[in-house]
Amino acid sequence: MLRNYFKITFRNLWKNKTASFINVFGLTIGLTSCLLIGIYIQHELNYDKFEQKGNRITRVIMGYKFDGGDEMKKGNFTSVRVAKVFKQTFPEIEDAVRMTNNSLVVRYNDKLIDEKRFVYADPSFFNLFSYKLLQGDAKNVLDAPNKVVLTETTAKKYFGDENPVGKVLKVGADTANYQVTGVIQDSPSNSQIKFDFLASFSSLHTEDQEKTYWDANYTTYFLLKRPSDISTLQAKITPFMRKEMTGQGATVDFALEPFLGIHLHSEYDGFEPNNNIKYIYILEAAALLILVIACFTYINLNTARSIERAREVGVRKVIGASKSQLFWQFIGESAMLCSAAVVLSLVLAVLLLPEFNRLTEKQLTVQSIFSFQFISGLIMITALVSLAAGSYPALILSNFQPVKVLKGAFKNTGSGQLVRKSLIVFQFSISVLLIVCTVIMQKQLGYIQKKDMGYNREQVLVTPMDKRMLDNLQTIKTELKSNSNIQNVSACVSTPVEIGGGYNMRSSIMPENQQIAVTADPIDEDFVKTTGLKILAGDDLSQQDMKDVSNKDDHQDVYHFILNEAAAKELGWTAETAIGKRMFLDASRPGVVKAVVKDFNFQSVHEPIRPLVLFPAVRGRSLLIKLSGNNIPQTIAFIGNRWKELVPYRPFEYHFMDEDFNNLYNSELRLGTVLNIFSSVAIVLACLGLFGLSAYSAKQRVKEIGIRKVLGAHVGDIVTTLSVDFVKLVLISIIISSPLAWWLTDKWLQGFAYRAEVTAWIFIAAGLAVVIIALLTVSIQTIKAAMANPVTSLRNE
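The present account deals with the structure reproduced in this document. Source: prediction; values computed, not measured.

### Quick look at the overall build of the protein chain
Here comes step 1: Helix and strand content of the protein chain: 27 helices and 22 strands.
Here comes step 2: In the protein chain, which comprises 797 residues, the proportion classed as buried is 54%.
Here comes step 3: Within the protein chain, residue pairs in contact and separated by at least 24 positions form 80% of the contacts whose partners lie at least 6 positions apart.
Here comes step 4: Carbon and sulfur atoms provide 57% of the accessible area of the protein chain, an area that totals close to 36000 Å².

### Concerning the pairing of strand β19 (residues 589-597)
Here comes step 1: Burial of β19 is extensive: 8 of the 9 residues sit out of reach of the surface.
Here comes step 2: Pairing between strand β16 (residues 535-538) and β19: 3 bridges, direction antiparallel. Of the residues in β19, the one forming a bridge with Ala537 is Val596.
Here comes step 3: Here strand β17 (residues 559-564) runs beside β19; their pairing, made up of 6 bridges, is parallel. Of the residues in β19, the one forming a bridge with Ile562 is Ala595.
Here comes step 4: Count of turn residues in the strand β18 (residues 582-585)/β19 antiparallel hairpin: 3 residues, of which Asp586 carries a positive phi of about 55°.

### Things to note about the pairing of strand β4 (residues 111-121)
Here comes step 1: Two elements, strand β3 (residues 93-108) and β4, share 9 bridges in a ladder whose sense is antiparallel. Paired with Arg107 across the strands is Leu112, a residue of β4.
Here comes step 2: Turn length for the β3-β4 hairpin, with the two strands adjacent in sequence and antiparallel, is 2 residues, and the turn residue Asn109 shows positive phi of about 55°.

### Regarding helix α6 (residues 229-244)
Given 3.6 residues per helical turn, the α-helix brings residues three or four places apart onto the same face.
Here comes step 1: For α6, built from 16 residues, the straight-helix expectation of 22 Å at 1.5 Å per residue is met to within 8% by its first-to-last C-alpha distance of 22 Å.
Here comes step 2: Turning to α6, the residues buried within the fold contact α3 (81-89), β3, β10 (219-224) and β11 (250-258).

### Examining the packing of helix α2 (residues 17-45) against helix α10 (residues 323-360)
Here comes step 1: Their axes nearest at 7 Å, the elements α2 and α10 cross at an angle of 45°. Considering the angle they form, α2 stands oblique to α10. The element α2 and its partner α10 pack so that their crossing is right-handed.
Here comes step 2: For the contact of α2 with α10, the class distribution of residues is 20 nonpolar, 6 polar and no charged.

### Comments concerning a nonpolar patch on the surface
Here comes step 1: A contiguous nonpolar patch, built from Val343, Val347, Leu351 and Leu352 and spanning about 370 Å² of accessible area, is present on the exposed surface.
Here comes step 2: Residue position: Leu351 is located in helix α10.

### Comments concerning the packing of aromatic side chains
Here comes step 1: One pass over the full model with this rule turns up 35 aromatic pairs.
Here comes step 2: Both rings, one in Tyr108 and one in Phe159, keep their centres 4.6 Å apart while their planes meet at 65°; by these two values the pair is edge-to-face. Linking Tyr108 in strand β3 with Phe159 in helix α5 (residues 152-159), this pair joins segments that are 51 residues apart in sequence.
Here comes step 3: Since its relative accessible area comes to 15%, Tyr108 is described here as buried.
Here comes step 4: Looking at Phe159, the relative accessible area reads 4%, which means it is buried.
Here comes step 5: Aromatic ring contacts, followed pair by pair, group Phe50, Phe125, Phe126, Phe129, Tyr131, Phe195, Tyr221 and Phe259 into a single cluster.
Here comes step 6: The ring of Tyr754 is capped by Lys451, whose NZ or CZ atom sits 4.8 Å from the centre of that ring.
Here comes step 7: Between the NZ or CZ atom of Arg468 and the centre of the ring of Tyr649, over which it lies, the distance is 3.6 Å.

About the thresholds
Residues numbered from 1 in each chain as written. Predicted model: local features only at pLDDT ≥ 70, side-chain atom pairs only at ≥ 80, totals over all residues. Heavy atoms only, no water. Helix = DSSP H or I, 4+ residues; strand = E, 2+ residues; numbered from the N terminus. Buried < 20%, exposed > 50% of the residue type's maximum accessible area, 1.4 Å probe, protein only. Contact = heavy atoms within 4.5 Å. Areas by Shrake-Rupley, 256 points an atom, 1.4 Å probe, with all protein chains shown as cover. Pairing = 2+ DSSP bridges. Expected span 1.5 Å × (residues − 1). Axes fitted to C-alpha atoms, helices over the stretch in contact; angles between N-to-C directions. Parallel < 35°, antiparallel > 145°, perpendicular 65-115°, else oblique. Left-handed = near helix turned anticlockwise from the far one by under 90°. Nonpolar A, V, L, I, M, F, W, Y, C, P; charged D, E, K, R; others polar. Patch = residues over 30% accessible without salt bridge, like charges linked within 9 Å, V, L, I, M, F, W, Y side chains within 5 Å. Salt bridge = Lys/Arg side-chain N within 4 Å of Asp/Glu carboxyl O. Phe/Tyr/Trp six-rings, centres within 6.5 Å; stacked < 30°, edge-to-face > 60°. Lys NZ or Arg CZ within 6 Å of the ring centre and 35° of its normal.

Just geometry here; none of it tells us what the structure is for.
If you want it as structure tokens, here you go:
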């Protein structure tokens, strides 16, 4: 019996090669898309789940505002005081760890590398986090200054097969000696705490900062005794901090974030950028919709084919076939096709995984595809699709009386028409939805790229710098600017792309206890020229302003401030009236306003432009080099050669400022690219179904077409007659999906303070494109049918 089922199944599939190919191809593409999206979603949802104590770990978020201020500024930063004081005060806290990430130059023999993931942590790190030490004792590897633990990969990079423990690395601008005390496993790809070096926190010598809640430059984690203690502890923190800050003219509070929810639910990045749970939902929906389109294409073609097989069903019932035999026959055909598609999708997913990793910037592995979870899911999908596609002919056709089926009565009724039309409408509704959402998302990303941010990020080279470079800054500037292709050079703490320093300000006429929270950035006299900020009133900083700061008497008003329009307005001034006004940046920086610059987006466009103060300071983490745009490779080579002479103790590494800008929108850019790809997949799958159905429709109406041609109908008339029904279905799809697409994209755009305008033309253009694509797809079959010789189709009548 089984052998007979298999033979019949194979013959039917081979007889209908086109339909079989469309079914297998469509399901393969749909399943491959779902597999790739699925392993990405699994990776993101499993972030930090390997942490054995993860449900008891919380991250501390600091919030502060000064008396008289309206808005509480919050962020992933705390002072070193928080961990020590809170652990002693609150019994809910079992342990705490302070951490910070630096970019430091590391030297060993002839190796000189600028390491971007050099993390400092307390010895308690190993009590909170589940990182396995391969060499060394967790109790003492970080218990003293200048001790460092290397990851396995880093140890091999510096020492090869040698035992690294006991070796000494020279670290930082002052080339401090750090002893290697251990080797730790590499950071898992789904961990928010990634590092190559883990150094003792005591190396930072922060003892003088332990008396204040300011100097908040560190990340603090608590290990609670019980997961439920988070709400109890949170309720105690606010009244405690109210007492701690009494009489200090400011409010400081701390919020606790569950560690396992940070990556997808927190707005504050940690040691790497967070993802967004909303984007996970979008990808889940896209994966599900693509699979639904693929399945509906499959089901639609099977139901169309089943009409052609109605006579076969009638004959088999006449000779004694039971409903169960017919049911399993159709299920067997569906299962064979689905199984072939599953195998092909696994192969295709493995082949595409490296490119998908490049696209998502993840390290997804083949093992994830062949995990028990995914294989079980594929088996379930295979079973569901097989049942859905095979049950229609088995359950519906077998209920008809054999006499009616053999007379062709079923063909002449509309029994199956509504189902197939509904599926087409649903398929194209999904396609239009994805296309419109993708177009609007791309328009917003294009708007961000083209928007005048208020500064010039083009052709600005950014390279890290340190304290030793500051001592020789003027010489470095002079040497680099000797090249005519280098226009300006500036040292700064933060580039204009993203400035996050938290300060407070007040005008000289405001009471001392009234402060306004403000973002501020230390700059030098060339920052405005290098970044292209537009001065609305006043003058740029001068070398004398920098000298005044470096040689300043704390009792003199030596600071010359540059405000943005928002800061001037917050202090009650216009750009013109602000010039020369006395003000204070924190209590330690009295001075006067020297210039007001036009507002610029110094943070992501998700945020509105807030008050900003630029002040002179001999500090810097980045060196900005503005190029003319001519002979860029030769200019970079010139900088590299000069670098070896001027800064021989650190490697020449650089990137362009527009890369920093793009990194602000990494999640949106990745999501936009992914949706671009999968919306294209969706429309291809929908058109495959339409192609198959138009072929069967033309085949069913072959005699009608022949009669029309005999009666004088032109090819164009016949094509129009055959196509119009399909075009109507696509138009209905557009009408259904457009409101939903508008609602979804409007919700997404609300996350941006500055956003592109969504016009009706987007929906009209997307709908028109889908109609044209659908019309072209249908025309392939309708033109072929219309041009056929009517004699061939009518010879048996």
